[in-house]
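Spelled out from the first residue to the last, the chains are:
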There are 2 protein chains.
Amino acid sequence: MAQINENYLKLQAGYLFPEIGRRVAAYQKNHPEAKIIRMGIGDVIKPLVPSVIKAFHEGVDEMSKTESFRGYGPEQGYDFLRNAIVEHDYQTRGVNLHSDEIFISDGSKCDSGNILEIFGPDNKVAIQDPAYPVYVDSTVMGGRTGNIQDNGFYQGIRYMPCTATNQFMPEIPTGKVDIIFLCYPNNPTGTTASKDELKKWVEYALKNKAIILFDAAYEAFISEKDVPHSIYEIEGARKVAIEFRSFSKTAGFTGTRCAFTVVPKELMGYTSEGKAYSVHALWYRRQTTKFNQVSYPVQKAAAAIYTPEGRKETREIIEYYMENARIMRESFTELGFEVFGGINAPYVWINSGTGMKSWDLFDKILDEAHVVGTPGSGFGPSGEGYFRFSAFASRENVLEAMNRIRNLSL
Amino acid sequence: MAQINENYLKLQAGYLFPEIGRRVAAYQKNHPEAKIIRMGIGDVIKPLVPSVIKAFHEGVDEMSKTESFRGYGPEQGYDFLRNAIVEHDYQTRGVNLHSDEIFISDGSKCDSGNILEIFGPDNKVAIQDPAYPVYVDSTVMGGRTGNIQDNGFYQGIRYMPCTATNQFMPEIPTGKVDIIFLCYPNNPTGTTASKDELKKWVEYALKNKAIILFDAAYEAFISEKDVPHSIYEIEGARKVAIEFRSFSKTAGFTGTRCAFTVVPKELMGYTSEGKAYSVHALWYRRQTTKFNQVSYPVQKAAAAIYTPEGRKETREIIEYYMENARIMRESFTELGFEVFGGINAPYVWINSGTGMKSWDLFDKILDEAHVVGTPGSGFGPSGEGYFRFSAFASRENVLEAMNRIRNLSL
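Residue numbers here run from 1 along each chain, matching the order of that chain's written sequence. Throughout, the order in which chains and ligands are written sets their labels, letters from A for the former and numbers from 1 for the latter. Two thresholds apply to this predicted model, a pLDDT of at least 70 for residue-level local features and 80 or more for giving and counting side-chain atom pairs, whereas whole-chain, interface and lining totals are computed over all residues. Here the side-chain values reflect all heavy atoms present in the structure, with hydrogen atoms and water set aside.

Some details on helix 2 (residues 50-62) of chain B
Helical geometry note: an α-helix holds 3.6 residues per turn, so side chains three or four residues apart project in the same direction.
Inference 1: Here a strand is any run of E in DSSP of at least two residues, a helix any run of H or I of at least four, and the numbering for each starts at the N terminus. The span expected for a helix works out to 1.5 Å for each residue beyond the first. In a regular helix each residue adds 1.5 Å, so 13 residues correspond to 18 Å; helix 2 of chain B covers 18 Å between its end C-alpha atoms and thus fits that length.
Inference 2: Where helix 2 of chain B is buried, its residues contact helix 2 (50-62) and helix 8 (296-303) of chain A together with helix 8 (296-303) and helix 9 (308-334) of chain B. The contact criterion used is simple: two residues touch if any of their non-hydrogen atoms lie within 4.5 Å.

Observations concerning the interface of chain B and chain A
Inference 1: Between chain B and chain A, the contact holds 82 residues from the first and 82 residues from the second.
Inference 2: Buried area, as used here, totals the accessible surface that two parts lose on assembly, with accessibility defined by a 1.4 Å probe and the loss added over both. Together chain B and chain A conceal approximately 7,100 Å² of surface at their shared face, both sides included; 57% is due to carbon and sulfur atoms.
Inference 3: Broken down residue by residue, the surface that chain B buries against chain A is led by Met 1, Tyr 72 and Arg 285 of chain B, which jointly contribute 12%.
Inference 4: By definition, a salt bridge exists where a carboxyl oxygen of Asp or Glu is found within 4 Å of a side-chain nitrogen of Lys or Arg. Among the ionic pairs, Arg 285 of chain B bridges to Asp 137 of chain A, the shortest N-O distance being 3.0 Å.
Inference 5: Counted as a polar contact is a pair of N or O atoms within 3.5 Å, where, for protein atoms, one must be capable of donating a hydrogen and the other of accepting one, and residues adjacent in sequence contribute only when both atoms are in side chains. There are 47 residue pairs in polar contact (both at pLDDT 80 or more) connecting chain B and chain A.
Inference 6: Of all the secondary structure elements, the ones that give two or more residues to the side of chain B that touches chain A are helix 2, helix 4 (108-114), helix 5 (133-141), strand 9 (268-270), helix 7 (279-290) and helix 8 of chain B.
Inference 7: With 6 residues, helix 7 of chain B is the single largest residue contributor to the side of chain B that touches chain A.

Some details on unusual backbone geometry
Excluding glycine, residues mostly carry a negative phi; peptide bonds, for their part, are mostly trans.
Residues and elements named next belong to chain A.
Inference 1: With omega at -10 degrees, the peptide bond leading from Tyr 184 into Pro 185 counts as cis.
Inference 2: Relative to the elements of secondary structure, Pro 185 occurs in the loop between strand 5 (179-183) and helix 6 (195-208).
Inference 3: Here the amide bond leading from Asn 187 into Pro 188 is cis, since omega sits at 15 degrees, within 30 degrees of zero.
Inference 4: Structurally, the position occupied by Pro 188 is in the loop between strand 5 and helix 6.

Comments concerning helix 8 of chain A
Inference 1: Taken across its 8 residues, helix 8 of chain A has 7 buried, putting it largely inside the fold.
Inference 2: In this scheme, a residue with accessible area under 20% of its type's maximum is buried, one over 50% is exposed, and one in between is partly exposed, where area comes from a 1.4 Å probe on protein chains only. For helix 8 of chain A, the complete set of buried residues consists of Tyr 296, Pro 297, Val 298, Gln 299, Ala 301, Ala 302 and Ala 303 of chain A.
Inference 3: For helix 8 of chain A, the elements touching its buried residues are helix 2, helix 3 (79-90) and strand 2 (102-105) of chain A together with helix 2 of chain B.

Some points on the sheet that holds strand 14 (residues 374-375) of chain A
All names here are of chain A.
Inference 1: As summarised here, the arrangement of the 4 strands in space is 11-12-15-14, forming an open sheet in which the pairing is antiparallel. Only two strands of the sheet have a single neighbouring strand rather than two, namely strand 11 (338-341) and strand 14.
Inference 2: Note that strand 14 and strand 15 (residues 386-390) share 2 bridges and pair antiparallel. The residue of strand 15 that forms the bridge with Thr 374 is Arg 388.
Inference 3: Axes here refer to lines fitted to C-alpha atoms; in helices the fit is confined to the stretch in contact. Angles between the N-to-C directions go from 0 to 180 degrees. Packing against the sheet, helix 9 (residues 308-334) makes contact with strand 11, strand 12 (347-351) and strand 15, and its axis sits at approximately 160 degrees to strand 11. Whether two strands pair depends on DSSP finding at least two bridges between them.

So this is what it looks like as structure tokens:
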């Protein structure tokens, strides 16, 4: 009898975004005349930039000729892309990585979901609350939790509440924690961590032989000078941190698929008897056994992001989205909301201040303004009362949405 | 203290293909003048066909304009591709699938490696021996085995020897087996299973509530009329089988990355208490949590394989490779080798008949003929004495390699 992984039965029925989709579809069906503006799921709307398109076409052309055709590629991705990453994303910020420490992949969702596989079942996992749902769900799937409780928390996960009370910066755990998910600039709250704050986490991890899984998918949206772009800007982080980066939001690759994960060679995990092993070697083994690299033309397209034109073109798009964020920030502030994020991240995190619950606000805004956001409680219990708006929309839609919301009675 | 997944420590040091690469690189370094012909790893050499290239470019162009840009795609892949698969790969052979049962992915390696994740740890896994190494390695990584033994077998796996003695068709297990990997047309032996033989496996699985993981990555190379292309040609298979298919070899997508997995809605797995759950729902949850679909232009390119021109063009390439296989079959037969495969699969599986071990033959052929094949023992202990040659090479190289080998003293 083939037995299923019963941990999956602990998962809550719906992933957040399909549930939003279901509610919006039902509303649209009953109100076919409503012109719904979608600012819920963080999906980009601007096309790939010209230099990326040019390189993408060139990659396809190479695949059409025997002499330039590419079959299976290098196991961690092509050097031309890994070298560009090392040079432009890290060396420019004083961080020295070797290109062998970069693993090209088809998405940070995949990598941050799969990474727990190389760690043992008994690790205590700490997760910010609210957070990108993949961290919790993959922890549950891997059997590292008990059941979900009435308060919305799974037994066994160390939740780290991030609310206005602590400026969305969780406290350093007092007890034993082995694996720590941190996301900065943060999804969903749009907030950042200073170098001093990250330093505390690196120190904690060094002291406790813990590992930080640092999700920096929104790094490109940082506008303030002192905000760290990489965990490796903190001394000692190479010994304790894995970093996830993505081209999805940075360069509009949500439908093109390319990302990367950094696993420094010094990073060690331990056997139950305390013997140290290279985490890089484990991830290399995992990826070479269960993954087969990213499409060659896609890697070629991604490398074009790092050319002078590519950098300029993607920068303009990021600025476009961040101007949306600015407009949203101002509109909600005028309306009397508490407003966070939107300065170093493409998300604005709001609280009506009226005590209204997230899904109630979702339904109200959908019903009265025909605008879709994301209920904060969908990212975890501590998101209750909050609401996320994504800046990935056209200017026209952002202005129209803000106009409609301005007329809401809250 | 972050603990590693100690099951990884049970894995043997090197994945087969990197080890081949290492030996070839070392040989080339010491013999820079040697013109080495590579027929080891099963990687294609022919470029993508014109209709695929055309669709690929069109997909890229769509990504360059706001009105046709695509962000996150549908969770199981685009309908245009899933519908083409259902129509051309299945309906033409009398198999009715719903497009909802197709999950587009970036590779069969990924899917066949990840699939065990949705099953419990206590399942007994049966694997053909020899086999594609991913089945064994992912079973080990998931903690379903003990250590490897001196005879090359991991404790806990039910190995099913496939040798000339049983015509490479394993016997139906006598004891309890829950999950069964079957690969036909077989990699590495190039042999096939008849409908009657597959029927026995489906009956076994139905009777024992077991699940068959059927790898049909080489289905397009079948030339004989009565050989089944899909496990679903067998009555009842929808209740017990998952099927993996790939465009890697069929259409030269090893560096382009697109494949699919079929999970019928009737397929059930069980809790430890015997309650039935939909395996489709589990895989859907796994894929939507830890995967984010295949690049849109790649899916568009893959769909072009199913157009009349695409079918004609890819068929010509398959015939080119299969003519290579025919030449290899004849050459080795003339040399007095036992020869298998190469009629319905792009692999020729040979045995020198001299009792020479696989790696010794590998070294001899590399040293004396400068030709690289794959030692059969690399696919499992029962592959010892055998050797695999891949038909994915240029005609010129195949003829030259056969000429050189003809002069070997064996």
